[in-house]
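Structure at a glance
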Amino acid sequence: MTEELKQQIDEFREKAARFSKGEISVKDYKSFSGKFGSYAQRGAESAMLRLRIAGGCLSKEKLKSIIDMCDKYNIQHLHCTTCQTIQLHNIPFDILADLMTDAIENGFYTPGGGGDFPRNVMVSPLTGVEKGENFDVLPYAQKASEYLLTQIDAVKMPRKLKVCFSSSPANTVHATFRDLGFVSRPEGGFDVYCAGGMGLNPRMGVKAAENIDGSKILYYIKAMIELFCEYGNYENRSRARTRYLQDTLGDTLTEKYSEFVNKAISEGGLDINVIQENITKQGIETSCDSRRIIEQKQKGLYTVKFHPIGGNIDPQILKNIYTAIKDMDSVSLRVSPEETIYIINCNGEEAEKVISVTDSGAKTDIEESVSCIGASICQQGLRDSQELLKRVLDAVKPYNFAPDALPVMHISGCMSSCGTHQIGSIGFHGKVKMIDKKPVPGFTININGSDKQGHEHFGKELGVIAADDIPDFIVELGKSVTASNMSYQQYANENQDNLISIINKYI
């Protein structure tokens, strides 16, 4: 596969060069480059490259590879995504193909990072170490990722397919409302959900199977691809997502899917066998009470939570992390769907060291807010979500609100929900607001979304707030929550009328 990809990159190199000279339109280049996990940034003067990182898992060796590539190609801007990947930004077109080749040689397969292809396989970020989880789903996700890579050139789907695995009811990867989600059960099997998704016309997934054996997951993936190819909309891109199969097939969706599953199983050849690895590292307990230290299910081992503001990382921070952990046994990184980096398998002494080198990250809930890359970089973006987040954080800083007085916001520059605004306690997506019959930049506000299994629902859309008014709104909300002596979540649950009253002042 590596050799085949390198041959394809020769064609990519030629197209990128022609695009940089203005010989290929933005639209035509996008339809070609997306397959390789790369898009031109706004202004078409530089590009981004999205690395596939199955389950967001980064070993120390792969972390070092990213650092080395950043040094070699002078990459200064990295972004953690809500699909558990890392994007490299502001890449000159004349080095893009070389960088892509280096990424592949270091085990980062960029194809399928964009375009109409299976995307990065997502996994509960703390699977294997999380207290209360059903079981470690990572080995299954890794098998799924390997299989989906073989399908990128084998199948032409109507649009992208997002596959994920959830290990606990936290449902961090939104397995119950993605294109295809495998939801772990306490007894060891998976429930299967399909045809869900966020963005325009969001849908909760449909439970298509219960308690399937993990050895059969690839048959369910193959069947979903074939179902999508058979009934998906190839003519209208705005409706070419699996969630629209709920309209196309109606009550027959699960029946049709089962037919494809049975067909795939009868053809055989896709059974898998996974080995659950046990962590044998000796633990050391710590008395450190940082909100960023999480106890693992392995006694005396901890995870350190590091949320770079806006999901944006300076490569120097990665260097600092690598220097701190390079000699620590079994320690590795996980990128989460909330754009957070978890450093797992630290003993107590190691956790305290990692805390110190990640001090630049979020220290409050609102600083952990999720934001897509925004319209200053993304060609699809309508509004600059990153700028909005910065303005909000600057506005609340002088008030020193309690860490839980304001919630994690989820901000998308447009309706595509790359910032997962539809499941946030407070979510925003880019919009135009009419004031005195004149259009001004704005964001639609959603409230009370949830991704928790059994309680999942999309937030209620209340209206549009002018972008310039949002920092004032958040400050007023922080003052009201502080006066109540509650956390934001308590306040939202018990003072819903007050919350909506404050919002209505700005809509």
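As a reminder, the structure under discussion sits directly above these lines.
The structure contained in this document is the topic of the report that follows. For every chain, the first residue of its written sequence is number 1, and the numbers climb from 1 along that sequence. Residue-level local features of this predicted model are given only where pLDDT is at least 70; pairs of side-chain atoms are given and counted only at 80 or more, and the full residue set underlies all totals for whole chains, interfaces and linings. Side-chain metrics rest on all non-hydrogen atoms present in the structure, leaving aside hydrogens and water.

So, about helix 5 (residues 138-151). Helix and strand labels come from DSSP, where a helix needs a run of H or I of at least four residues and a strand needs a run of E of at least two; each type is numbered from the N terminus. Each residue after the first adds 1.5 Å to the expected span of a helix. Here helix 5 contains 14 residues, and its C-alpha end-to-end distance of 20 Å stays within 8% of the 20 Å for a straight helix at 1.5 Å per residue. Taking burial as the measure, the 14 residues of helix 5 include ten buried ones, the bulk of the element. The buried label goes to any residue with under 20% of its type's maximum accessible area, the exposed label to any with over 50%, and the partly exposed label to all in between, with areas taken from a 1.4 Å probe on protein chains only. Along helix 5, the residues classified as buried are Leu138, Pro139, Tyr140, Ala141, Ala144, Ser145, Tyr147, Leu148, Leu149 and Gln151.

To continue, consider the pattern of salt bridges. Note on definitions: salt bridges are taken to be side-chain nitrogens of Lys or Arg within 4 Å of carboxyl oxygens of Asp or Glu. Summed over the entire model, instances satisfying the criterion amount to 33 salt bridges. With a closest N to O distance of 2.6 Å, Asp153 and Lys35 form a salt bridge. Residue Asp153 is found in the loop between helix 5 and strand 7 (163-166), and its partner Lys35 is found in the loop between helix 2 (26-33) and strand 1 (38-40); the two are separated by 118 residues along the sequence. Of the residues examined, Asp153 reaches a relative accessible area of 48% and is grouped as partly exposed. As a salt-bridge pair, Glu295 and Lys131 come within 2.8 Å of each other at their nearest N and O atoms. One end of the pair, Glu295, is in strand 11 (residues 293-295); the other, Lys131, is in the loop between strand 6 (122-123) and helix 5, with 164 residues separating them in the sequence. One network of salt bridges, in which partners are shared, links Arg185, Glu187, Asp191, Lys207 and Glu210.

Even without a glycine there, the phi angle at Asn74 is positive, about 55°. Along the chain, the position of Asn74 falls in the loop between helix 3 (60-73) and strand 4 (77-80). According to the relative accessible area criterion, Asn74 is exposed, its value standing at 56%. A positive phi angle is found at Asp436, which is not glycine, with a value near 50°. If you trace the backbone, Asp436 turns up in the loop between strand 18 (426-435) and strand 19 (438-447).

The strands making up a sheet associate through backbone hydrogen bonding, with each pair oriented either parallel or antiparallel. Only strands that DSSP links by at least two bridges are regarded as paired with each other. Strand order in the open sheet formed by five strands is 6-7-8-9-10, with mixed pairing between adjacent strands. Sheet topology places strand 6 and strand 10 (206-212) at the edges, where each strand pairs with a single neighbour. Relative to strand 7, strand 6 runs parallel, the two being bridged by two bridges. Considered in strand 7, the bridge of Val123 is made with Phe165. Any two residues having at least one pair of non-hydrogen atoms within 4.5 Å are treated as being in contact. The axes used here are C-alpha line fits, helices contributing only the stretch in contact, and every angle between their N-to-C directions lies in the interval 0 to 180 degrees. Those strands touched by helix 6 (residues 217-231) are strand 7, strand 8 (180-184), strand 9 (190-194) and strand 10, and its axis lies near 155° from that of strand 8.

Pairing of aromatic rings covers Phe, Tyr and Trp, the last counted by its six-membered ring, and requires centre-to-centre distances within 6.5 Å; plane angles under 30 degrees mean stacked, over 60 mean edge-to-face, and any other angle means tilted. Here the structure, examined in full by the defined rule, presents 18 aromatic pairs. Note on Phe12 and Tyr29: the rings are 6.5 Å apart at their centroids and 40° apart in plane angle, and the pair reads as tilted. Residue Phe12 is found in helix 1 (residues 2-20), and its partner Tyr29 is found in helix 2; the two are separated by 17 residues along the sequence. Look at Phe165 and Phe182: their rings are 4.8 Å apart centre to centre, the planes differ by 15°, and that puts the pair in the stacked class. On the criterion of sequence distance, the pair formed by Phe165 in strand 7 and Phe182 in strand 8 is long-range, its members being 17 residues apart.

Turning our attention to the side chain of Ser215. Within the element layout of this structure, Ser215 appears in the loop between strand 10 and helix 6. Under the relative-accessibility criterion, Ser215 is labelled buried at 19%. A polar atom in the side chain of Ser215 sits 2.7 Å from the side chain of Asp213. Setting aside its immediate chain neighbours within four residues, Ser215 contacts Leu270, Asp271 and Ile272. Counted as a polar contact is a pair of N or O atoms within 3.5 Å, where, for protein atoms, one must be capable of donating a hydrogen and the other of accepting one, and residues adjacent in sequence contribute only when both atoms are in side chains.

For the rest of this paragraph, the subject is the pairing of strand 14 (residues 332-335). The alternating pattern of strand 14 places Ser332 and Arg334 on one face and Leu333 and Val335 on the opposite face, and all of these are buried. Direction of pairing for strand 3 (residues 57-58) relative to strand 14: antiparallel, over a ladder of two bridges. Its bridge partner being in strand 14, Cys57 is matched across the sheet by Arg334. Across four bridges, strand 14 lies against strand 15 (residues 341-347) in antiparallel orientation. Across the sheet, residue Ser332 finds its bridge partner in strand 15, namely Ile344. Remark: five residues form the turn of the hairpin made by strand 14 and strand 15, two consecutive strands paired antiparallel; Glu339 in that turn has positive phi of roughly 65°.

Along strand 17 (residues 409-412), one buried face is formed by Met409 and Ile411 and the opposite face, lined by His410 and Ser412, is buried too. Summarising the sheet, strand 16 (residues 370-371) and strand 17 pair through two bridges and their orientation is parallel. Counted as the bridge partner of Ser371 is Ile411 from strand 17. Here, the term right-handed applies to a crossover whose path from the first strand over the helix to the second runs clockwise when the strands point away from the viewer. Of the crossover connections in this fold, the one passing from strand 16 over helix 11 (residues 385-396) to the parallel strand 17 is left-handed. Judged from the four bridges that link them, strand 17 and strand 18 form a sheet pairing that is parallel. For His410, the partnering residue across the bridge sits in strand 18 and is Gly427.

This next bit is on the nonpolar core. In terms of nonpolar packing, the biggest core is built from 56 residues, with Phe12, Tyr29, Ile66, Leu78, Ile325 and Ile343 touching the most fellow members. It is helix 4 (residues 93-105) that contributes the most residues to this core, eight residues altogether. The definition of a nonpolar core used throughout is a set of buried Ala, Val, Leu, Ile, Met, Phe, Trp, Tyr and Cys residues joined through side-chain atoms within 4.5 Å. Core analysis: the second largest hydrophobic core is formed by 44 residues, Cys194, Tyr220, Phe228 and Leu270 among them.

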